[in-house]
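Residue-level structure breakdown
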Amino acid sequence: MIQKIKKALENVFIDNKNIIQSGMVKNIDLLEDEIIIHISLSNPTMHAKKKLERDISKIIIEQNVNKKIRIKTTLDTLVGKSKKEEIRNIIAVASGKGGVGKSTISTNISVSLVNMGYRVGLFDADIYGPSIPLMFNIIEDKVQSSIIHHKNGTYVMKPITSYGVKILSIGFFSKSGQAIAWRGPMATKALRQLINETDWGILDFLIIDLPPGTGDIHLSILQEFSLKGIVLVSTPQKISLSDVHRSVGMLRLKSVLVPILGIIENMSFFVKKKEKFYLFGKDGVKKFSKRMNIDFLGEIPLIQEIRESSDLGIPIVLKNRTIRKIFVKITNNIMNNL
Ligand code: ADP
């Protein structure tokens, strides 16, 4: 009977490996009227656990086993330690609308994490406007020569390191000024390949800069990769919030259920002669976060230097102490919510 269950569990996959092969199944207890399966998980999130439980139950029921199935999970942070390549925390950054500062924030959170001593990767999945290469001052020539490496007879992608962050962008694969004509399933497939076939090495954090909105691409990234959670970005104005509301709806779908680590308000106010001007409305995101029961991670003012610094390809946290402090606080808030 145990062999039969083990055989069935070989059909449950996490990160492309079946759970028997990856050693996640620690024990199987056969009781009189139930089967207890002990699993050690490296991803503590509720959605990962629920998905695994669903997959296991389904596969065992298909074997015509008519005992009750109980799955006991323990958190084992050592699971991945033996692996050479390991990504410990995948966090996505999302917004409802484009242009609200999602990429600026992904950039500066990544660099803040590097400054704190973490190993960080940043995957720019924004197929509509991949701006990470510009923000990190990565020039095309450099990309062409160093992106693809030969490894054990197969090709793997090698990220490009800038300001200590290992970067892979969908923009590396299109010339400047060229539209990326990938849509729907094709884009999803390409993104999946890029994430999986990149030699990231060991990372404490992989930040994914998602495209704005709520499409197929979001659903498949969210469902497929074991995300620790998602960070939302919005400006305080109604139009931006109404779109982010849709994103929250998607994240709370039963089939997705990715933890929302919190929301960041960008372009909160503009300061002139010590007076604050609320160009996009006051406390819009703060109020929204209360209403939606989402943690408020912090606010970033509208500052010309942020825009200038993005255009120059220098992350603002490396230039401006006040803004660095804001990002350190936001980054710590995110980590506290993991
Ligand atoms: P998204 O990724 O949401 O499309 P970006 O991060 O590309 O948005 O930001 C859009 C533009 O706004 C960029 O030119 C960026 O430099 C600028 N920007 C973002 N946040 C701020 C801010 N707080 N103050 C000034 N400019 C900002």
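So, here is what we can say about the structure in this document. (Residues numbered from 1 in each chain as written. Predicted model: local features only at pLDDT ≥ 70, side-chain atom pairs only at ≥ 80, totals over all residues. Heavy atoms only, no water.)

1. What to know about the packing of helix α3 (residues 102-115) against helix α11 (residues 321-336)
Where α3 meets α11, the closest approach of the two axes is 9 Å, and the angle between their N-to-C directions is 85°. For the element pair α3 / α11, the angle class is roughly perpendicular. In contact with Ile 105, Asn 108, Ile 109, Ser 112 and Leu 113 of α3, α11 contributes Phe 327, Thr 331, Ile 334 and Met 335. Its residues assigned to classes, the contact of α3 with α11 shows six nonpolar, three polar and no charged. (Axes fitted to C-alpha atoms, helices over the stretch in contact; angles between N-to-C directions. Helix = DSSP H or I, 4+ residues; strand = E, 2+ residues; numbered from the N terminus. Parallel < 35°, antiparallel > 145°, perpendicular 65-115°, else oblique. Contact = heavy atoms within 4.5 Å. Nonpolar A, V, L, I, M, F, W, Y, C, P; charged D, E, K, R; others polar.)

2. What about the environment of Thr 235?
The topology assignment puts Thr 235 in the loop between β13 (227-234) and α8 (238-251). In this structure, the C-alpha to C-alpha distance between Thr 235 and Lys 282, residues 47 residues apart in sequence, is 10.0 Å. Once residues lying within four places of it in the same chain are set aside, the contact partners of Thr 235 are Val 100, Ser 240, Leu 241, Asn 266, Met 267 and Val 285.

3. Some details on the pattern of salt bridges
In the structure shown here, the tally under the stated rule is 16 salt bridges. When the shortest N-O distance is used, the salt bridge between Lys 102 and Asp 126 registers 3.3 Å. Of this pair, Lys 102 sits in helix α3 while Asp 126 sits in the loop between β7 (120-124) and α4 (132-135); the two residues are 24 residues apart in sequence, bridging distant segments of the chain. Each member of the pair Lys 102 and Asp 126 is classed as buried. Linking Asp 283 and Lys 286 is a salt bridge whose minimum nitrogen-to-oxygen distance equals 4.0 Å. Each of Glu 86, Arg 88, Arg 119 and Asp 204 takes part in salt bridges that share partners, so that together they form one network. (Salt bridge = Lys/Arg side-chain N within 4 Å of Asp/Glu carboxyl O. Buried < 20%, exposed > 50% of the residue type's maximum accessible area, 1.4 Å probe, protein only.)

4. Quick look at the packing of aromatic side chains
Applying the stated criterion across every chain yields a total of three aromatic pairs. Measuring from ring centre to ring centre gives 5.2 Å for Tyr 118 and Phe 205, while their planes differ by 90°; the resulting arrangement is edge-to-face. Here Tyr 118, found in the loop between α3 and β7, pairs with Phe 205, found in strand β12 (residues 202-209); they are 87 residues apart in sequence, far enough to count as distant. In this structure Phe 205 comes out as buried when scored by relative accessible area, which is 4%. With a centroid separation of 6.1 Å and 50° between ring planes, the pair formed by Phe 136 and Tyr 163 is classed as tilted. Note that Phe 136 is positioned in the loop between α4 and α5 (140-146) and Tyr 163 in the loop between β10 (160-162) and β11 (165-169), a separation of 27 residues in sequence. Exposure remark for Phe 136: the relative accessible area of 1% places this residue in the buried category. Just above the ring of Phe 269 sits the side chain of Lys 276; from NZ or CZ to the centre is 4.2 Å. (Phe/Tyr/Trp six-rings, centres within 6.5 Å; stacked < 30°, edge-to-face > 60°. Lys NZ or Arg CZ within 6 Å of the ring centre and 35° of its normal.)

5. Notes on empty space enclosed by the protein
Tallied over the full model, the rule gives four cavities of 30 Å³ or more. Within this model, the largest cavity holds a volume of roughly 60 Å³. Taken together, Ile 91, Val 93, Ile 109, Leu 113, Phe 205, Ile 207, Val 231, Thr 331, Ile 334 and Met 335 make up the full set of residues lining the largest cavity. The set of elements that each furnish at least two residues to the lining of the largest cavity consists of β6 (86-95), α3, β12 and α11. For the lining of the largest cavity, the element with the most residues is α11, which contributes three residues. Each residue belonging to the lining of the largest cavity can be placed in one class, and the counts come to nine nonpolar, one polar and no charged. For the second largest cavity, the calculated volume is near 50 Å³. Contributing to the lining of the second largest cavity are Thr 104, Thr 107, Asn 108, Met 135, Ile 306, Ser 309, Ser 310, Ile 314, Pro 315 and Ile 316. Those elements that provide at least two residues to the lining of the second largest cavity are α3 and α10 (304-312). Looking at the lining of the second largest cavity, its residues break down into five nonpolar, five polar and no charged. (1 Å grid on protein atoms, 1.4 Å probe; cavity = no way out; pocket = protein on both sides within 12 Å on 5 of 7 lines; lining within 4 Å. Points joined across faces, edges and corners; volume = space filled by probe spheres on them.)

6. What about the nonpolar core?
By size, the foremost hydrophobic cluster in this structure holds 74 residues, and its most contacted members are Phe 123, Phe 136, Ile 208, Ile 230 and Leu 232. Not counting residues up to four positions away in its chain, the partners in contact with Phe 136 are Thr 107, Val 111, Leu 122, Ser 162, Tyr 163, Val 165, Ile 167 and Gly 313. Core analysis: the second largest hydrophobic core is formed by 18 residues, Ala 8, Leu 9, Val 12 and Ile 60 among them. (Core = buried A, V, L, I, M, F, W, Y, C linked by side-chain atoms within 4.5 Å.)

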